[in-house]
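Working through the structure, step by step
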Amino acid sequence: MHLINPLRMHIFIRLFMVICIALQCDCRETEFNYVTCGSLLKLLNTRHNVRLHSHDVKYGSGSGQQSVTGVESADDANSYWRIGARSGEICQRGVPVQCGQAIRITHANTGRNLHTHHFVSPLSGNQEVSAFGENGEGDDLDVWTVQCSGTHWGRGEAVCFKHPGTNVFLSITGEQYGHPIRGQREVHGMHTANHNSYWKAMEGVFIKTSVQLPRHDEL
């Protein structure tokens, strides 16, 4: 089993923030109200209080692809996801994600995309959710649409993620795994959105473009 390397993830986050500053983006979490393209974040399931998580552990049944779970820890480096465009489209860095927009959600540490397909999930018998692809490239089943109430995905808003390829919603109903990922919750797709299907953006780096930089006039 691949061992999680927190140091590598810490270096990645630091590098991401340096690049953000170099691009004159606003990386401060308290000054922008929307989730934006290019942002790196954690997603909290509001019903079960666990964060969307993945790691280089494969399912022992179904697709055999990289597993996706929910974890209680807020500090796990393998719970960071990057928000980007679907294949063939452009999601301009720093632009707020619109409600109804099709996006790709890529696991930061392994480069695989949040994915679902017609395999049965191992614990609940719902639809399996996995992480698929390499370096952010996968297929059309990596696409999710953001279901929210306004014009844009608000950072404090609980939203749903619908999978247009199979018409399921990203959900957790509380089933827990045993060894080797003991205590982690099953993440799966359900055909109806309910209280198990709401997610909120939490810790992360939220990019904002077009920041007015301080002026330093010559005397």
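Structure report, in brief. (Residues numbered from 1 in each chain as written. Predicted model: local features only at pLDDT ≥ 70, side-chain atom pairs only at ≥ 80, totals over all residues. Heavy atoms only, no water.)

1. Things to note about the overall build of the protein
- For the protein, the count of helices and strands is 1 helix and 13 strands.
- Long-range contacts, defined here as pairs at least 24 residues apart, represent 66% of the contacts in the protein between residues at least 6 apart.
- A total accessible area of about 10,800 Å² is found for the protein, and carbon and sulfur atoms account for 50% of it. (Helix = DSSP H or I, 4+ residues; strand = E, 2+ residues; numbered from the N terminus. Contact = heavy atoms within 4.5 Å. Areas by Shrake-Rupley, 256 points an atom, 1.4 Å probe, with all protein chains shown as cover.)

2. Quick word on the pattern of salt bridges
- Summed over all chains, the structure comprises 8 salt bridges.
- In this structure, Arg86 engages Glu89 in a salt bridge whose closest nitrogen and oxygen atoms are separated by 3.9 Å.
- Relative accessible area serves as the criterion here: at 29%, Arg86 is assigned to the partly exposed category. (Salt bridge = Lys/Arg side-chain N within 4 Å of Asp/Glu carboxyl O. Buried < 20%, exposed > 50% of the residue type's maximum accessible area, 1.4 Å probe, protein only.)

3. Regarding the state of the cysteines
- By the definition in use, this model includes 2 disulfides.
- Linked covalently through their sulfurs, Cys37 and Cys91 form a disulfide whose S-S length is 1.6 Å. With the S-S dihedral at roughly -70°, the linkage between Cys37 and Cys91 falls on the left-handed side. Taken together, the positions of Cys37 in the loop between α1 (6-22) and β1 (40-45) and Cys91 in the loop between β4 (81-85) and β5 (102-107) put the pair 54 residues apart, joining distant regions of the chain.
- In this structure Cys91 comes out as buried when scored by relative accessible area, which is 17%.
- Across the disulfide, Cys99 is cross-linked to Cys148 (sulfur-sulfur distance 1.9 Å). One disulfide, between Cys99 and Cys148, carries an S-S torsion of -120° and so falls in the left-handed class. Residue Cys99 is found in the loop between β4 and β5, and its partner Cys148 is found in the loop between β8 (143-147) and β9 (160-163); the two are separated by 49 residues along the sequence.
- No disulfide involves Cys160; its sulfur sits 9.6 Å from that of Cys148, the nearest cysteine.
- The class for Cys160 is buried, based on a relative accessible area of 4%. (Disulfide = S-S within 2.5 Å.)

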